Amino acid sequence: MIYENVSAMKKGYKSILETADGQVNVLDEGALRKSLIDDLIYTMAFSPVQEVKDAASWLIRRSAVALGIVSSSIQSLYEAMGRKEVTGFTVPAINIRTMTYDVAQAIFRAALKNSVGPVIFEIARSEIGYTLQRPVEYTSAVTAAAIKTGYRGPIFLQGDHFQVNAKKFAGDPEKEVKGVKDLIWEAIEAGFYNIDIDTSTLVDLSKPTISEQQETNYALAAELTAVIRDLEPAGITISVGGEIGEVGGKNSTVEELQAYMDGYLDSLKKYGANLKGISKISVQTGTTHGGVPLADGSVAQVKLDFEVLEKLSEVARSRYGLSGAVQHGASTLPDEAFDRFPAIGTAEIHLATGFQNIIYDSAHFPADLRQRIYDYLQKELRDEKKEKDTEEQFIYKTRKKGFGPFKQELWNLPEETRKQISQELENQFAFLFRKLNVANTEAVVRRQIQIVDVPLQIPAALTE
């Protein structure tokens, strides 16, 4: 159900939620979880009226706080990892590109069944565009999923690859950087208290020294870190990530990490003597976002350099106090690879395309809808097809961009279809949680993460 107006919404939550003094009291959690939360998140995602969307989002986020579900920063856990007080697992960071409410529920169910503590829900700057999910909608969908599944505790929302586009930066650097700063502001307002800055696109390997190659990267990362520190809410230290090598490029080295960090820390001092720096660093070790599709549409086996990843993580911790290195583009790796990440001290691993593939390739995904999406790609994105690409390669590379145009249809798939696909996803999430050794880490997160409730102003439409 999608509420047409705020009056209808108020009737819908009467006797279930109570708004008083700018807060929400949950009067009937059972009724909230059974159907009201579904109505609120579908209204937030698909209502054409902004004040109705705003009201639904506020009710979701404040109902969550009333139940002990609070958007949080993972900073203190990563600091403990940097001190080597917490070890033995790799934090999964999951990008949800479609059916966000259902997919997030599958993640929470898998986490609850395995007593998982740290799981990051993230969305990249590019994904926000082609999946048609602004940060506040993403926050609302993940938070609603937490309510629906009965989860309690901190939830970690992350801006992934808040990236500076190299081509646009070359044409108008001020405008491109402003775009990233505006997105940072929007994300923090939406409750994203973990942000990965990606200025690695500006690394210039033609420069004579490694420090000069990394200079624009680390200087701009420091500037954006200072912006984040200026915007972060009272009581919150946002976890910030940096990046030294663009995923899909040449493998990173210890020398590059040191050049970046030394330059970054020196640059950061210009904005304040005591500003907190990054808590982790993303590196390139042989992966490519989405994997490399072969002529038949299957994905090539990746040769990931675990030795380099281990060295980079150790230097990041021992020399700079970071949680370690971050591995991107890993969801299409073979299953047997994942238990190696915690074994070598990888701090965080980013997972996206593998889950997208489960959805598209599921036997339960409607064949007619899949074909209509593929037909849309063939018609609207034909200019993205490279001359050497087969049709299968073209579809594999572009099908992520079908999620936005078909968003409402995907959310509205029959309940049984969504249930079956969600079960496939839940099984894979549970498998990865065990491989990454985050099962039975709930107590670690409870011990390390301080819950901070950031005030959220009630929309005027709910006070009238």
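Residues numbered from 1 in each chain as written. Predicted model: local features only at pLDDT ≥ 70, side-chain atom pairs only at ≥ 80, totals over all residues. Heavy atoms only, no water.

Caption draft 1: Spotlight on the pattern of salt bridges. Taken as a whole, this structure holds 30 salt bridges when the rule is applied. The partner of E442 in a salt bridge is R446, and the shortest N-O contact between them spans 2.9 Å. Here R446 and E442 lie together in helix α19 (residues 442-448), a separation of 4 residues that amounts to about one turn. Given a relative accessible area of 41%, R446 falls into the partly exposed group. Through salt bridges with shared partners, one network takes in E29, R33 and R152. (Salt bridge = Lys/Arg side-chain N within 4 Å of Asp/Glu carboxyl O. Helix = DSSP H or I, 4+ residues; strand = E, 2+ residues; numbered from the N terminus. Buried < 20%, exposed > 50% of the residue type's maximum accessible area, 1.4 Å probe, protein only.)

Caption draft 2: Highlighting the pairing of strand β2 (residues 23-26). As paired strands, strand β1 (residues 17-20) and β2 are joined by 4 bridges and run antiparallel to one another. Residue pairing in the sheet places T19 in a bridge with V24 of β2. Where β1 folds back on β2, the antiparallel hairpin that results is connected by 2 residues, among which D21 adopts a positive phi of roughly 55°. (Pairing = 2+ DSSP bridges.)

Caption draft 3: A look at the packing of aromatic side chains. Tallied over the full model, the rule gives 15 aromatic pairs. Pairing Y42 with W411 gives two aromatic rings, centres 5.3 Å apart and planes at 80°, and the pair type is edge-to-face. With a gap of 369 residues between them, Y42 in helix α2 (residues 29-46) and W411 in helix α17 (residues 407-411) connect regions that are remote in the sequence. Both residues of the pair, Y42 and W411, belong to the buried class. Taken together, a centroid distance of 5.8 Å and an interplanar angle of 5° make the contact between Y260 and Y264 stacked. Remark: Y264 and Y260 occur in helix α11 (residues 254-268); sequence separation between them is 4 residues, near one turn of the helix. The burial state of Y260 is the same as that of Y264; both residues are buried. Note that R340 overlies the ring of F306, its terminal NZ or CZ placed 4.1 Å from the centroid. A cation over a ring is seen here: R382 above F394, with NZ or CZ 5.4 Å from the ring centre. (Phe/Tyr/Trp six-rings, centres within 6.5 Å; stacked < 30°, edge-to-face > 60°. Lys NZ or Arg CZ within 6 Å of the ring centre and 35° of its normal.)

Caption draft 4: Up close: helix α16 (residues 391-398). Among the residues making up α16, those that are buried are Q393, F394, I395, Y396 and T398. Of the surrounding elements, those touching the buried residues of α16 are α14 (353-361) and α15 (367-380). (Contact = heavy atoms within 4.5 Å.)

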